[in-house]
Amino acid sequence: MNIGEQLDEIKDQAGKDPKLYEAFLETRKQTNPLAAFCEKCQELGYEIYEMDLIDAGEEFYAAIKRSTNGGGENSPVLKGEDDFYEMFFADLELRNSEP
């Protein structure tokens, strides 16, 4: 299972469990939030490490860039699309704000 799939599973779990949701939000308040986030993922049994998370986002973004206009400089700027960490929280918060 790739990082994106693992994060989707974790989001599903956190979306159903208010305590887990709050625990993930608490990781953002730590001195090193990315490390705290990865530790929480590891506690749940997901082997997600800081560099793996960063690399997965960059690889995903590079694939998008390559698929658009041949990956040239005219490719659209997709702000935030390379940051799986921030996208995780944006999606998680969106899911929890829906009725």
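Right above here is the structure, for reference.
Residue positions are given per chain, counting from 1 as you read along its sequence in written order. Residues qualify for local features only when their pLDDT is at least 70, as the model is predicted, and side-chain atom pairs are given and counted only at 80 or more; totals for whole chains, interfaces and linings, by contrast, use all residues. Hydrogen atoms and water are omitted, and side-chain values are computed over all heavy atoms in the structure.

1. Digging into the packing of helix H2 (residues 18–27) against helix H3 (residues 33–43)
Angles run from 0 to 180 degrees between N-to-C directions of axes, and those axes are lines fitted to C-alpha atoms, restricted for helices to the stretch in contact. Only DSSP runs of H or I covering at least 4 residues are called helices, and only runs of E covering at least 2 are called strands; the numbering of each starts at the N terminus. Contact geometry for H2 and H3: axes closest at 8 Å, N-to-C directions at 150°. Classed by the angle they form, the pair H2 and H3 counts as roughly antiparallel. For the pair formed by H2 and H3, the contact residues are Leu 20, Ala 23, Phe 24 and Thr 27 on the first element and Pro 33, Ala 36, Phe 37, Lys 40 and Cys 41 on the second. Throughout, the ten residues Ala, Val, Leu, Ile, Met, Phe, Trp, Tyr, Cys and Pro are labelled nonpolar, Asp, Glu, Lys and Arg are labelled charged, and all others, Gly among them, are labelled polar. When the residues that make up the contact of H2 with H3 are grouped by side-chain class, the tally is 7 nonpolar, 1 polar and 1 charged. Should an angle fall under 35 degrees it is called roughly parallel, over 145 degrees roughly antiparallel, and 65 to 115 degrees roughly perpendicular, with every other angle called oblique. Contacts are assigned to residue pairs that have any heavy atoms within 4.5 Å of one another.

2. Focus: the packing of aromatic side chains
The relation between two aromatic rings is expressed through the spacing of the ring centres and the mutual angle of the planes. Ring pairs shown here join Phe, Tyr and Trp side chains whose ring centres sit within 6.5 Å, with only the six-membered ring taken for Trp; geometry is labelled stacked below 30 degrees between planes, edge-to-face above 60, and tilted in between. The final tally for this structure, using the stated rule, is 5 aromatic pairs. Between Phe 37 and Phe 88, the aromatic rings sit 4.9 Å apart at their centres with planes inclined by 65°, giving edge-to-face as the arrangement. Placement of Phe 37 in helix H3 and of Phe 88 in helix H5 (residues 84–97) is noted, with a sequence separation of 51 residues between them. The two residues Phe 37 and Phe 88 agree in class, both being buried. Only protein chains enter the accessibility calculation, which uses a 1.4 Å probe; a residue is then buried when its area is under 20% of its type maximum, exposed when over 50%, and partly exposed in between.

3. Some thoughts on H5
Compared with an ideal rise of 1.5 Å per residue, which puts 14 residues at 20 Å, H5 spans 20 Å between its outermost C-alpha atoms and is within 8% of the ideal. Among all positions in H5, only Phe 84, Tyr 85, Phe 88, Phe 89 and Leu 92 are buried. In a view along the axis of H5, the buried residues occupy a sector of 135°, so they form one face of it. The span you would expect from a helix comes to 1.5 Å times its residue count less one. Each direction from the helix axis to a C-beta atom contributes to the arc, which is the arc of those directions.

4. Looking at the state of the cysteines
Any cysteine sulfur atom paired with another within 2.5 Å is treated as part of a disulfide. Counted by the stated rule, this structure contains 0 disulfides. Here Cys 38 is not disulfide-linked; the sulfur of Cys 41 is the nearest cysteine sulfur, at 6.0 Å.

5. Details of the environment of Leu 25
Checked against the element boundaries, Leu 25 lands in helix H2. For Leu 25 and Glu 93, which are 68 residues apart along the polypeptide, the C-alpha to C-alpha distance reads 9.3 Å. In this view, Leu 25 contacts Phe 89 and Glu 93; residues no more than four positions away in its chain are not counted.

6. Side note on the nonpolar core
The biggest cluster of nonpolar side chains holds 21 residues, and the ones touching the most others in it are Leu 7, Ile 10, Phe 24, Phe 37, Ile 48, Leu 53 and Phe 88. At the level of elements, helix H1 (3–16), H2, H3, helix H4 (50–67) and H5 are the ones that each hand at least two residues to this core. Per-element tally for this core: the top contributor is H5, with 5 residues. By nonpolar core we mean a set of buried residues, namely Ala, Val, Leu, Ile, Met, Phe, Trp, Tyr and Cys, connected to one another through side-chain atoms within 4.5 Å.

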